[in-house]
Amino acid sequence: MFSLIKKQIFTAFIFTAFFLFSFKIVAQNNSFAVNNSKMTQFLRQIDDLYIDTVNFDKLVENGIVEILKELDPHSIYIPKKDVQQMNEPLQGSFDGIGVTFQLIKDTINITEVIVNGPSEKVGLLAGDKIIKVDSLDATGKKINNKWVQTHLRGKKGTKVVVLVKRGKNKTPLEFTIIRDKIPMNSINVAFMVDSVTGYIRLERFAQTSPREFREAIGKLKSEGLKNLIFDLRGNGGGYLDAAFKISDEFIKKDLMIVYTDNFRKTGQSFRATEVGNFENGKLIILVDEGSASASEIVSGAVQDWDRGIIMGRRTFGKGLVQKPIYLLDQSMIRLTISNYYTPTGRCIQKPYNDGLNNYFRELQNRQKHGEFLNADSISFPDSLKYTTPRGRIVYGGGGIMPDIFVPIDTSKYSSFFNEMIRKGAFGEFTMEYMEKHRDELKKEYPTFIDYKNNFNISDKMYDEFMTFVKGKGIADTVAFNFAKKVETFGRTEKKKLDSLFTTLESFERKKEQFEDLLTDYLKTSYEEAIKLRNLSKVPEFTKEYLKFEIGRTLYSYGQAYEIFLLSDDTFLQAYKAIKDDSLFKKYNVDL
């Protein structure tokens, strides 16, 4: 009897819940139908009655953009003309000739030739200057990035003839190139740090990323891989499916990797499938405030299953899933359809109720509060606390908090050094240097290992570069915009100023106090600007970057990137940690 009553109560509960859920959907559908008709009527009346002609393409596009802003920060509209370019990094390829380039003095300078691409097959080299494309001159003020892409990209199988100036040769070289599919690799850096420790850096989660990852792991395993440092810093995400498949390489079969949910209850769950390529061995994942979405899925799954150690700084906090939807004119919206959750049930999406500006300024607020320098400045409420199967405490509600915090290295910044990069000084100087010295460098350093271990930027070469920089008009000055600083002073000190000066008479009485306040603010700002120049570090940064630029021209970007890691504090700490068995035992992670 009692069980019958329980069954009736349960049935009634299920019916009531279903009725309320169905009512919610019906109410939403009715609201949609009314407003859909309203919008159609609105546009029709504009077309029939408005005083002037109307550009409906622009009107509707602007309307879609503004509507999406009302939904969430990550639902976006992509015009038809931009869809292909936006999709290329995620699809992992485009049709072209297979080079990267830099415009220097209105000339197309090839900085890298993609391995196995059509340009490499016909013999183009990094450092070559393209001076003609088919019958068109490829130099002068008309040449910009769009011009280059328009004339060098094209459908697979089509032909383009380029005329190239190479080094000291006075006679240009002509190459006929058959365009092909050019891979946009999401993994350009994968190498063995020592006999058992490997490093892989993933730039984004593209369609090709799982395959690229398996190939990189396979190569490193053949070289003795037992421990892995997986770098997701600055990786803003990409395809959910790619995140799932890469997580699957670390997580044992049948364990939950991620699940999605929404009010319609149409979410999905993703569980690990067959045996992955790195389910055993020490694993450290590097993250920072630029790691988002798919990066957080991978690091969250690894952390929740106690599979590895997460190092770095708190991740961005994007726990929303977007679906690409093509509209009638082949424009696209990427519409948020679900929240995603890590295996312990964490939603790591940070709040966005205060508007888009505040949402995207949140990282600046983290910096102001000192979070990039000190983990103690980060606090999570107990309501966001979760526990992994082995008892590790983790948190939701705003990104993945690393197990081991590594502060940002403020000593790695120099405003003067960054100005040299922005003005293209390194690329231009390297191109001129390589024209004169390529052959002798290749002869002296036949492999990248030879180059990395033995080539150094001499003081003489550094001085030559600084003379070159001076000739480009790049001055070693303090970037200090007085008018902007005064404007900022008024905004940041508004409350204090308003309380001091309520009338003109009060200003007359207290103007010396105002002058002192403004002078102190400007003096502090100027001292901060001087500090940002960080002149004592400029020679070190400059020599490192020059060695990288020459290395990528002689060999490849992926190999040359190792040069930066030699002074990368987070990487160096991870390398030290991965050799420390006691650290893995402390976090109860398998060795």
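Glancing now at the overall build of the protein. Looking only at helices and strands, one finds 22 helices and 21 strands in the protein. Residues classed as buried in the protein amount to 43% of the 591 residues present. When contacts within the protein are restricted to residue pairs at least 6 apart in sequence, those whose partners lie at least 24 apart make up 70%. Here the protein has roughly 32600 Å² of accessible surface; of this, 54% comes from carbon and sulfur atoms. Taken together, the 86 basic and 77 acidic charged side chains of the protein have centroids lying 2 Å from each other.

Its identity as a non-glycine residue notwithstanding, serine 293 has a phi of 55 degrees, on the positive side. Residue classification places serine 293 among the buried residues on the basis of a relative accessible area of 8%. Positive phi outside glycine occurs at asparagine 588, with the angle close to 55 degrees. Its place among the elements puts asparagine 588 in the segment after helix H22 (581-586).

For helix H21 (residues 569-578), every residue scored as buried is listed here: Thr570, Phe571, Ala574, Tyr575, Ala577 and Ile578. The buried residues of H21 occupy an angular sector of 165 degrees when projected down its axis, which confines them to one face. Buried-residue contacts for H21 involve strand E11 (197-202), strand E12 (227-231), strand E15 (283-287), strand E16 (309-312), helix H20 (562-565) and H22. Where H21 begins, the side chain of aspartate 568 points an oxygen toward the backbone nitrogen of threonine 570, at a separation of 3.1 Å.

What follows is about the pairing of strand E7 (residues 159-165). Residue alternation in E7 divides its side chains into a buried set, Val160, Val162 and Val164, and an unburied set, Lys159, Val161, Leu163 and Lys165. Where strand E5 (residues 129-133) meets E7, four bridges bridge the pair, whose relative direction is antiparallel. Counterpart to isoleucine 130 in the pairing with E7 is valine 164. Relative to strand E8 (residues 173-178), E7 is paired through six bridges, and the arrangement is antiparallel. Along E8, the bridge assignment pairs valine 160 with isoleucine 177.

Before going further, it helps to spend a moment on the confidence of the model for the protein. Per-residue confidence for the protein averages 87 on the pLDDT scale, and 93% of its residues sit at or above 70. This model gives residues 1-25 a pLDDT under 50, and the stretch forms four contacts once residues within four places in sequence are excluded.

This paragraph deals with the packing of helix H12 (residues 425-444) against helix H14 (residues 459-471). Interaxial distance between H12 and H14 falls to 11 Å at its minimum, and their mutual angle equals 120 degrees. Relative to H14, the element H12 lies oblique. Considering only the axes of H12 and H14, their crossing is right-handed. Of the residues in H14, those in contact with Ala425, Phe426, Glu428, Phe429, Glu432 and Tyr433 of H12 are Met461, Glu464, Phe465, Phe468 and Val469. Per-class residue counts for the contact of H12 with H14 are eight nonpolar, no polar and three charged.

This paragraph deals with the pairing of strand E10 (residues 187-192). Across five bridges, the pairing between E10 and E11 is antiparallel. Looking at E11, one finds that methionine 192 is bridged to glycine 198. Connecting E10 to the antiparallel partner E11 that follows it, the hairpin turn spans four residues.

Attention shifts here to the nonpolar core. Formed by 52 residues in total, the largest nonpolar core has its most connected members in Ile284, Ile309, Met311, Met420, Tyr451 and Ile550. With seven residues, the single largest contributor to this core is helix H18 (residues 538-554). Contacts of methionine 420, omitting those with residues within four sequence positions, involve Ala425, Phe426, Phe465, Met466, Val469, Ile474, Val538 and Thr542. Ala216, Ile217, Ala272 and Ile348 belong to the second largest nonpolar core, which has 38 residues in total.

Turning our eyes to something else, we now look at a nonpolar patch on the surface. Among the surface-exposed residues, Met39, Phe42 and Ile67 lie close enough to one another that they form a single nonpolar patch of about 300 Å² accessible area. Looking at where methionine 39 falls in the secondary structure, it is placed in helix H1 (residues 2-49). Taking the relative accessible area as the measure of exposure, methionine 39 reaches 41% and is therefore partly exposed.

Now for the environment of glutamate 88. With respect to the helices, strands and loops of the structure, glutamate 88 is situated in helix H3 (residues 80-91). As a C-alpha pair, glutamate 88 and proline 183 span 95 residues in sequence and 9.6 Å in three-dimensional space. Ignoring sequence-local partners within four residues, the contact set of glutamate 88 consists of Ser93, Phe94, Arg153 and Met184.

What follows deals with the sheet that holds E15. Spatially, six strands are ordered E10-E11-E12-E15-E16-E21 in an open sheet, and the strand pairing comes out mixed. Each end of this open sheet is capped by a strand with a single partner; those strands are E10 and strand E21 (404-405). When E15 meets E16, the two strands line up parallel, connected through four bridges. Directly across from leucine 286, in E16, lies its bridge partner methionine 311.

Structurally, the position occupied by asparagine 357 is in helix H9 (residues 356-360). Its relative accessible area of 57% is what places asparagine 357 among the exposed residues. With 284 residues separating them in the primary sequence, asparagine 357 and proline 73 have C-alpha atoms 9.4 Å apart.

Cut-offs used in this document
Residues numbered from 1 in each chain as written. Predicted model: local features only at pLDDT ≥ 70, side-chain atom pairs only at ≥ 80, totals over all residues. Heavy atoms only, no water. Helix = DSSP H or I, 4+ residues; strand = E, 2+ residues; numbered from the N terminus. Buried < 20%, exposed > 50% of the residue type's maximum accessible area, 1.4 Å probe, protein only. Contact = heavy atoms within 4.5 Å. Areas by Shrake-Rupley, 256 points an atom, 1.4 Å probe, with all protein chains shown as cover. Lys, Arg positive; Asp, Glu negative; His and termini not counted. Charge placed at Lys NZ, Arg CZ, Asp CG, Glu CD. Arc of directions from axis to C-beta. Polar contact = N/O pair within 3.5 Å; in protein donor to acceptor, adjacent residues only side chain to side chain. Pairing = 2+ DSSP bridges. pLDDT = per-residue confidence, 0-100. Axes fitted to C-alpha atoms, helices over the stretch in contact; angles between N-to-C directions. Parallel < 35°, antiparallel > 145°, perpendicular 65-115°, else oblique. Left-handed = near helix turned anticlockwise from the far one by under 90°. Nonpolar A, V, L, I, M, F, W, Y, C, P; charged D, E, K, R; others polar. Core = buried A, V, L, I, M, F, W, Y, C linked by side-chain atoms within 4.5 Å. Patch = residues over 30% accessible without salt bridge, like charges linked within 9 Å, V, L, I, M, F, W, Y side chains within 5 Å. Salt bridge = Lys/Arg side-chain N within 4 Å of Asp/Glu carboxyl O.

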